[in-house]
Amino acid sequence: MSTIAELALADAPRLVTELPGPQARALVERDARVTSPSLPRAYPLVPARAAGCVVEDVDGNLLLDFNAGIAVTSTGHAHPDVVEAIRRQAGELLHYSASDFYLPVYVDLCERLAGLFPGGGRARVFLTNSGTEAVEAAVKLARWHTGRQYVIAFFGSFHGRTYGSASLTASKARYRARFGPLLPGVLHAPYADSFRPNLGRSEWDFPTASYLEGVLFERLVEPEEVAAIVVEPIQGEGGYVVPPPGWLAALRELCDRHGILLVADEVQSGIGRTGRMWAIEREGVVPDVLVAGKGIASGMPLGAMLAREEVVTWTPGTHGSTYGGNPVACAAALETLRLVEDELAARAAETGDRLLAGLGGLARRGDAIRGVRGAGLMVGIELADHETAAALEQECFRRGLLVLSAGDAALRISPPLVVTPAQIDRALEILAAAVGALD
Ligand code: PLP
């Protein structure tokens, strides 16, 4: 058996059984008897160990991970520096609640994150255990600070599954069905999705800002009652949809005009994934509030809400959390941010270009792929329909490449930021073969 460090060196899948193998099948059967049937399982992957961009399953198969545990393991699985930071912190202080007391590593991380706020202005930070809790914090702060009730989000967006963030989420009706009533005061507007226009012939004929001004603010709510517009700078679960240049700046301008807070949900697009620390920086737009999670601590549960100092006006006791900003998660985040800032964001930009170029070539070779889009290592492949996307996801899994479908008919590619050019080339070959097998 190889060591965990040797695992990371594999450039290609190595399958010793058909997938899923016997151990995986046995585990899936046990799981099916005791776990919540609400879990949206994609395929029977049962990882035992992982390093870098490589997952070893319980049967000893090696698979190339182009999911990164759903855009989480930014520094790769088990990066030695992150693992060492976790070990060190766990040996010193596992828990003390930062809500009621003071933790050195919590302050270290908040200082670090505040220093990363887009635009370089002064910011404050609230730490959580997950992305959805960070979204909740943003909505609560926006209402508290502005004294306004309404919040606007976008069709196709995903912000989480707790009640506030589920109310913002509008990617699939099933995430909301039978859970109502949801949070009152949440309205939705079309995102700039050139593949799937929500209104009009195409989004470009009916820009979002005109919809907000001409429809929502005319017919449903006065802008003076809107606390925040919550937007993913690149939609994640909605299909890795990249809005056109200038779209986020137009939202910023509209928010400024009406005293509305602009909240950037960077849970999926942040932490170097697009080649910059935050995707919104690609557009030079400064939000009032930024929400982070997923890749922030390389797999330890952590989320963060960063906000311009002037808007963080709430008072002691208005918001807190027992575990949020757990010391071990904070230690992992500090190491993750160091690695992303020093090398991985730049690397994601380079390897992302290679991935996008390779997928472009693949798209030109046949009809199955309708388009590719993305930034850095956040890349979406648009397919003919949902069934094709789901079939391609399964076909890739059978060949040892882990990718996930997203949106209505897309496949999302989000490998760890440490992915090597050789691993990208191998993934492209597998995708090509998988597309071929669909015909
Ligand atoms: N926001 C975005 C953009 C996300 O992609 C997700 C999760 O996929 C969330 C929020 C929720 O994060 P979590 O699953 O950590 O609660």
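Presented here is an overview of the structure given in this document. Quick caveat: nothing in here was measured; it's all calculated off a predicted structure. All residue numbers here refer to positions counted from 1 along the written sequence of the relevant chain. In keeping with the model being predicted, local features are shown solely for residues with a pLDDT of at least 70 and side-chain atom pairs are shown and tallied solely at 80 or more, while totals for entire chains, interfaces and linings include all residues. Each side-chain value is worked out from all heavy atoms of the structure, with water and hydrogens disregarded.

**Section: the pattern of salt bridges**
The salt bridge criterion pairs a side-chain nitrogen of Lys or Arg with a carboxyl oxygen of Asp or Glu, the two atoms within 4 Å. Evaluation of the coordinates by the stated rule reveals 22 salt bridges. In this structure, Arg252 engages Asp288 in a salt bridge whose closest nitrogen and oxygen atoms are separated by 2.9 Å. Here the residue Arg252 occupies a position in helix H9 (residues 247–258), and Asp288 occupies one in the loop between strand E8 (261–265) and strand E9 (289–292), the gap between them amounting to 36 residues. Considered together, Arg252 and Asp288 belong to a single accessibility category, that of buried residues. Between Glu429 and Arg426 there is a salt bridge, and its shortest N-O distance comes to 2.5 Å. Here the residue Glu429 and the residue Arg426 both occupy positions in helix H12 (residues 421–438), the gap between them amounting to three residues, near one helical turn. Strands here are runs of E lasting at least two residues and helices are runs of H or I lasting at least four, both read from the DSSP assignment and numbered beginning at the N terminus. Only protein chains enter the calculation, and the probe is 1.4 Å; a residue is then buried if its accessible area is under 20% of its type maximum, exposed if over 50%, and partly exposed in between.

**A few points about the packing of helix H4 (residues 80–92) against helix H10 (residues 327–365)**
Lines fitted to C-alpha atoms define the axes, with helix axes restricted to the stretch in contact, and inter-axis angles between N-to-C directions lie between 0 and 180 degrees. For the pair H4 and H10, the least separation of the axes is 8 Å and the interaxial angle reads 150°. By the criterion of interaxial angle, the relationship of H4 to H10 is roughly antiparallel. Along this stretch, H4 crosses H10, giving a crossing that reads as right-handed. Each of Asp81, Val82, Ala85, Ile86, Gln89 and Ala90 in H4 lies in contact with H10, whose residues at this interface are Pro327, Val328, Ala331, Ala332, Glu335, Thr336, Arg338 and Leu339. Basically, the charged four are Asp, Glu, Lys and Arg, the nonpolar ten are Ala, Val, Leu, Ile, Met, Phe, Trp, Tyr, Cys and Pro, and anything else, Gly included, counts as polar. Residue classes in the contact of H4 with H10 are distributed as nine nonpolar, two polar and three charged. In what follows, roughly perpendicular refers to angles from 65 to 115 degrees, roughly parallel to angles under 35, roughly antiparallel to angles over 145, and oblique to any angle outside these ranges. Helix crossings are classified by the rotation of the near helix relative to the far one: an anticlockwise turn of less than a right angle makes the crossing left-handed, while a clockwise turn makes it right-handed. We call two residues in contact when some of their heavy atoms are within 4.5 Å.

**Description of H9**
The length a helix should cover is 1.5 Å for every residue beyond the first. If you check H9, its first and last C-alpha atoms are 17 Å apart, about what 12 residues at 1.5 Å a residue would give, namely 16 Å. Restricting attention to buried positions, one finds in H9 the residues Trp247, Leu248, Leu251, Arg252, Leu254, Cys255 and His258. Here the buried residues of H9 occupy an arc of 165° about the axis, which is enough to place them on one side. Of the surrounding elements, those touching the buried residues of H9 are strand E5 (150–154), helix H8 (208–220), strand E7 (226–231) and E8. This arc is built from the directions going out from the helix axis to the C-beta atoms.

**Details of the site of the ligand**
Every residue lining the ligand is accounted for by Ser130, Gly131, Thr132, Phe158, His159, Gly160, Glu232, Asp265, Val267, Gln268 and Lys294. One nitrogen or oxygen atom from the main chain of Gly131 is found 2.8 Å from an oxygen atom belonging to the ligand. Expressed as a share of its isolated accessible area of 390 Å², the protein-covered part of the ligand is 81%. Near, as used in this document, describes a residue that has one of its heavy atoms within 4 Å of the molecule or strand being considered. Pairs of N or O atoms are called polar contacts if they sit within 3.5 Å, as long as, within protein, a hydrogen donor faces a hydrogen acceptor (for residues adjacent in sequence, only side-chain-to-side-chain pairs). Note that accessible areas follow from Shrake-Rupley with a 1.4 Å probe, and for residues the cover is restricted to the protein chains shown.

**A short note on the sheet that holds E5**
Across the sheet, which stays open at both edges, the seven strands sit in the order E4-E10-E9-E8-E7-E5-E6 with mixed pairing between neighbours. Strands with a single pairing partner mark the edges of an open sheet, and in this sheet they are strand E4 (123–128) and strand E6 (186–189). Across the sheet, the mean angle separating the axes of adjacent strands is 20° when strand polarity is ignored. Contacts from H8 reach E5, E6 and E7, with the element oriented near 145° to E6. Two strands make a pair as long as DSSP finds a minimum of two bridges between them.

**Some thoughts on the packing of H8 against H9**
The interhelical angle for the contact between H8 and H9, taken along N-to-C directions, is 35°, at an axis separation of 9 Å. On the side of H8, the interface is formed by Thr208, Ala209, Leu212, Glu213 and Phe217, while H9 contributes Trp247, Leu251, Leu254, Arg257 and His258. In terms of residue class, the contact of H8 with H9 is made up of six nonpolar, two polar and two charged.

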